[in-house]
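Structural overview
Next come the chains, spelled out residue by residue.
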Amino acid sequence: MTSPFIWLQHALPHHSVSRAAGKLASSRVPWLRDLLIRRFVEAYDVDMGEAARGLGEFDSFNDFFTRELKPGARPLADASQFVLSPADGAVSQIGRIEGGRIFQAKGRHFTAEQLLGGDAASAKRFEGGHFATIYLSPRDYHRVHMPASGDLESATYVPGDLFSVNQVTAENVDGLFARNERLACLFDGEDGRFASVMVGAMIVAGIETVWSGPIETHSPTLAREDFASGTHRLAAGAEMGRFILGSTVVLLFEPGMVEWLDGIVAGDTVRMGQALGWRLQPKAGA
């Protein structure tokens, strides 16, 4: 039997709700902005001690939500040995891509091809590789960083739904991360190709990247932009984008690039920059 929460997820006008939330969150009216920020900090127990700015120093709720951290707040693991967590959050799932499928929850999967917006050629390269899904809770730091160094090959906006993203929806909505609106970014790394997919959710009002700024979200049209080699080379741990409210990052790696650390399992809390897996050296002659 479908729970009322899941029924409501299907019934709500996702994009209209998200656009309305976006307008509210971008307001610079002082009393409204400050009220939203204070209530949010209290409700989610946000640690403002690690933020570079204090309450009263933000232009809007969005400015607060995408707040930067104090220098040194997220020390990076050794990127010559490890693949790094791209964000603060919780590991939703982590494992291997088998038969083109990525595990979502018991009895539920989605495919790499679906996640990448129908890019069958790229999906094929990830067969037998590894994936990690990181969920960012409301209280988390919401900038997304590079898990490894790489040259940006392409960025594809994939239109879709905006279901809320949490354990309940993961267990009850088929192909959740391949149904929601998302930005799929492909990188050419030192050891092979990897993808970082920023997945939207209910009331996620936008996605921004460091190379193009705000992405045109809530659009019905798939849009892909390809980049010449060397146009945007980002170091491991460098910021690549941010969520204007909510959501989830899905990482994909080609076979032979990484092995996840034994101690990292679904449900674990992670912080941006910590080691997620061993970086395997490229094969001789690769």
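First, a word on scope: everything that follows refers to the structure included in this document. (Residues numbered from 1 in each chain as written. Predicted model: local features only at pLDDT ≥ 70, side-chain atom pairs only at ≥ 80, totals over all residues. Heavy atoms only, no water.)

Attention now goes to the overall build of the protein chain. The helix and strand tally for the protein chain stands at eight helices and 18 strands. By residue count, 54% of the 286 residues in the protein chain fall in the buried class. Contacts in the protein chain between residues at least 24 apart in sequence constitute 77% of all its contacts with a sequence separation of at least 6. (Helix = DSSP H or I, 4+ residues; strand = E, 2+ residues; numbered from the N terminus. Buried < 20%, exposed > 50% of the residue type's maximum accessible area, 1.4 Å probe, protein only. Contact = heavy atoms within 4.5 Å.)

The tally for this structure, following the rule as stated, stands at 20 salt bridges. Arg33 is the partner of Asp34 in a salt bridge, and the nearest nitrogen-oxygen pair spans 2.9 Å. With relative accessibility at 24%, the residue Asp34 sits in the partly exposed group. Judged by relative accessible area, Arg33 falls into the buried class, the value being 15%. The shortest N-O distance in the salt bridge between Asp63 and Arg53 comes to 2.9 Å. (Salt bridge = Lys/Arg side-chain N within 4 Å of Asp/Glu carboxyl O.)

Next up on the list: the nonpolar core. Membership of the largest hydrophobic core comes to 37 residues, with the highest contact counts inside it found for Cys185, Phe187, Trp211, Met240, Phe253 and Trp260. Apart from the residues within four sequence positions on either side, Phe253 is in contact with Val83, Phe126, Gly129, His130, Pro147, Arg193, Phe194, Val258 and Trp260. Of all hydrophobic cores here, the second largest spans 21 residues; its members include Ile102, Phe110, Ala112 and Val250. (Core = buried A, V, L, I, M, F, W, Y, C linked by side-chain atoms within 4.5 Å.)

Within the open sheet, the four strands sit side by side as 6-14-10-11. Their pairing is antiparallel. Two strands in the sheet have a free side with no partner beyond their single neighbour: strand 6 (143-145) and strand 11 (213-214). Note: strand 10 (residues 206-209) against strand 11, two bridges, orientation antiparallel. Paired with Thr209 across the bridge in strand 11 is Gly213. (Pairing = 2+ DSSP bridges.)

In this section: the pairing of strand 7 (residues 150-158). When you tally the buried positions in strand 7, you get eight out of nine residues, the bulk of the element. Bridge analysis of strand 7 against strand 8 (residues 182-189) gives eight bridges, and the strand direction is antiparallel. Counterpart to Tyr157 in the pairing with strand 8 is Leu183. Relative to strand 13 (residues 233-234), strand 7 is paired through two bridges, and the arrangement is antiparallel. Residue pairing for strand 13: Asp151 is matched across the bridge by Arg233. In terms of strand pairing, strand 7 meets strand 12 (residues 223-226) through four bridges, oriented antiparallel. Bridge assignment links Tyr157 to a residue of strand 12, and that residue is Ala223.

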